[in-house]
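# Observations on the three-dimensional arrangement
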Amino acid sequence: MEIIPNQSLKAYNTFGIEARAKAFIAIQNETELAEVLKDNSDKKLFILGGGSNMLLTQDIDALVIHINNKGITVVKEDDEFVWVKGNAGEVWHEFVLWCIDHNFGGIENLSLIPGNVGATPVQNIGAYGVEIKDTFDSCEAMEITTQQMRTFHKEDCQFGYRESIFKGELKNKYIILSVTFKLRKSNHQINTSYGAIDAELEKMNITNPTIKEVSNAVIAIRQSKLPNPKELGNSGSFFKNPVVPISVYEKAKEKHPDIPSYPVSETLVKVPAGWLIEQAGFKGKRFGDAGIHSKQALVLINYGQATGSEIWSVAQHIQQTVKEMFGIDIEAEVNVI
């Protein structure tokens, strides 16, 4: 293990932002992580996974620890279910494909989401009617100050919409090293009702889809809407869909009768942030090298040389305009650093 001074982080964040780490080290296993944490307990630390859910607006004046442990194992199984453990450094989409190749179902709707396995419980990632909490069994994490390992079960994680205990009271206190999912071996519960999955399957002339075919449909939809970070720097959906009181929604509806919503509870509805941003006129707009994707208004883009501050400035402009037009706050899903 080698600590590298003044390391460029451009290759370690999907926005492709040029920022530098004061010091950088990649760890491959639990033992290495414990050693690094123990030896650098007096230093400021920054934990880095796949770099897919962050916007760097400045250099990192800290020791950046890149979690790069690999491995996928079947922990146990019974007649109906299998428990699959993915180490934190595994690329999420590759983990999903591995499970599908073994006919393990439950996460196929989450195909092609950028990032690594270790980050998935932190914000309870979700897409097309499925969230991590639906198949999450447990995760193993190291406490930063003591280097003690702890297992977190589903009930410990306080999952909410793009939320968990790791974004709340335990933020910056634990490093997730592996995640275990409880997946179906057979009798797969195919979920195609959300978004355009059914329409995509129809295009493929598929009426009784397998989990592989659902995954293929999701991949096709995502590729048609979302730019490849290797070609255009981005972090997927930049904003959360706001959940607002019905009274706030009704007030917005007076001025904008076609504003869509989805019920969350008797008093709350979810409003699509992409629709709000598009109506505010931002879809496809460009401000220098920072901009909004032409096919999906939720996605902010680095067209090449944008700084993190420039992209964040565009994001704040969008938030302010949406608030003025609709009276609704939209919150960043991406961590702004």
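To be clear, the structure that these remarks concern was listed above.
The structure presented is a predicted model; accordingly, all values stated were derived computationally and were not measured.

## Comments concerning the pairing of strand β5 (residues 60-67)
Most of β5 is tucked away, with seven of its eight residues classed as buried. Two elements, strand β3 (residues 45-48) and β5, share four bridges in a ladder whose sense is parallel. The residue of β5 that forms the bridge with Leu45 is Leu63.

## Here we look at the pattern of salt bridges
All told, the structure shown has 15 salt bridges when counted by the stated rule. Across the pair Glu200 and Lys203 runs a salt bridge, and its minimum N-O distance is 3.4 Å. Of this pair, Glu200 and Lys203 are both found in helix α3 (residues 197-203), three residues apart, which corresponds to roughly one turn of the helix. Close ionic contact of Lys323 with Asp329 constitutes a salt bridge, the shortest N to O distance being 3.2 Å. A relative accessible area of 36% means that Lys323 is categorised as partly exposed. Because the salt bridges share partners, they merge into one network encompassing Glu131, Lys133, Asp134, Arg162 and Glu333.

## Some thoughts on unusual backbone geometry
Of note in the backbone geometry, Asn103 takes a positive phi value of approximately 60° without being a glycine. Of note, Asn103 is situated in the loop between α2 (92-101) and β8 (126-127). Look at Asn103 and you get partly exposed, because its relative accessible area is 39%. Unusually for a residue other than glycine, Arg162 sits at a positive phi of about 55°.

## Things to note about the layout of surface pockets
Taken as a whole, the second largest pocket holds about 810 Å³ of empty space. Contributing to the lining of the second largest pocket are 31 residues, with Thr14, Pro114, Gly115, Pro229 and Lys230 lying nearest its centre. Sorting the residues of the lining of the second largest pocket by element identifies α2, α4 (211-225) and β13 (233-237) as the ones contributing at least two each. For the lining of the second largest pocket, a count of residues per class yields ten nonpolar, 16 polar and five charged.

## Some points on the packing of aromatic side chains
Per the stated rule, a full pass over the model turns up 13 aromatic pairs. An angle of 50° between the planes, with centres 4.8 Å apart, marks the rings of Tyr12 and Phe24 as tilted. Here Tyr12 is found in the loop between β1 (4-8) and β2 (20-27), whereas its partner Phe24 is found in strand β2, with twelve residues between them in sequence. By relative accessible area, which is 3% here, Phe24 ends up buried. Ring geometry for Phe152 versus Tyr174: centroids 5.1 Å apart, planes at 90°, classification edge-to-face. Residue Phe152 is located in strand β11 (residues 149-153), and its partner Tyr174 is located in strand β12 (residues 174-184); the two are separated by 22 residues in the primary sequence. An identical accessibility class is assigned to Phe152 and Tyr174; each is buried. Among the aromatic residues, ring-to-ring pairing joins Phe15, Phe238, Phe239 and Trp312 into one connected group. In this structure, Lys270 is placed above the aromatic ring of Tyr161, and the distance from its NZ or CZ to the ring centre is 4.1 Å.

Each value, and the rule that gives it
- The residue count restarts for each chain, going from 1 along the sequence in the order it is written.
- The predicted origin of the model limits local features to residues at a pLDDT of at least 70 and limits the giving and counting of side-chain atom pairs to 80 or more, whereas totals for whole chains, interfaces and linings rest on all residues.
- Side-chain descriptors were evaluated using all non-hydrogen atoms of the structure, hydrogens and water having been removed beforehand.
- Burial classes follow relative accessibility: with a 1.4 Å probe on protein chains only, a residue under 20% of its type's maximum area counts as buried, one over 50% as exposed, and anything between as partly exposed.
- Numbering of helices and strands runs from the N terminus, with a helix taken as a DSSP run of H or I at least four residues long and a strand as a DSSP run of E at least two residues long.
- Criterion used throughout: strands pair if DSSP finds at least two bridges between them.
- Think of a salt bridge as a Lys or Arg side-chain nitrogen and an Asp or Glu carboxyl oxygen that are within 4 Å of each other.
- Definitions used throughout: a 1 Å grid over protein atoms alone; a cavity as a set of points that fits a 1.4 Å probe which cannot get out; a pocket as an open set with protein on both sides within 12 Å along at least five of seven lines; a lining residue as one with an atom within 4 Å of a point.
- Grid points are joined across faces, edges and corners, and a volume is the space filled by probe spheres set on the points.
- Classification convention: Asp, Glu, Lys, Arg as charged; Ala, Val, Leu, Ile, Met, Phe, Trp, Tyr, Cys, Pro as nonpolar; all other residues, Gly among them, as polar.
- Aromatic pairs are defined between Phe, Tyr and Trp rings, using the six-membered ring for Trp, whenever the two ring centres lie within 6.5 Å; interplanar angles under 30 degrees are classed as stacked, those over 60 as edge-to-face, and all others as tilted.
- Think of it as a cone above the ring: NZ of Lys or CZ of Arg counts as a charge over the ring if it is within 6 Å of the ring centre and within 35 degrees of the ring normal.

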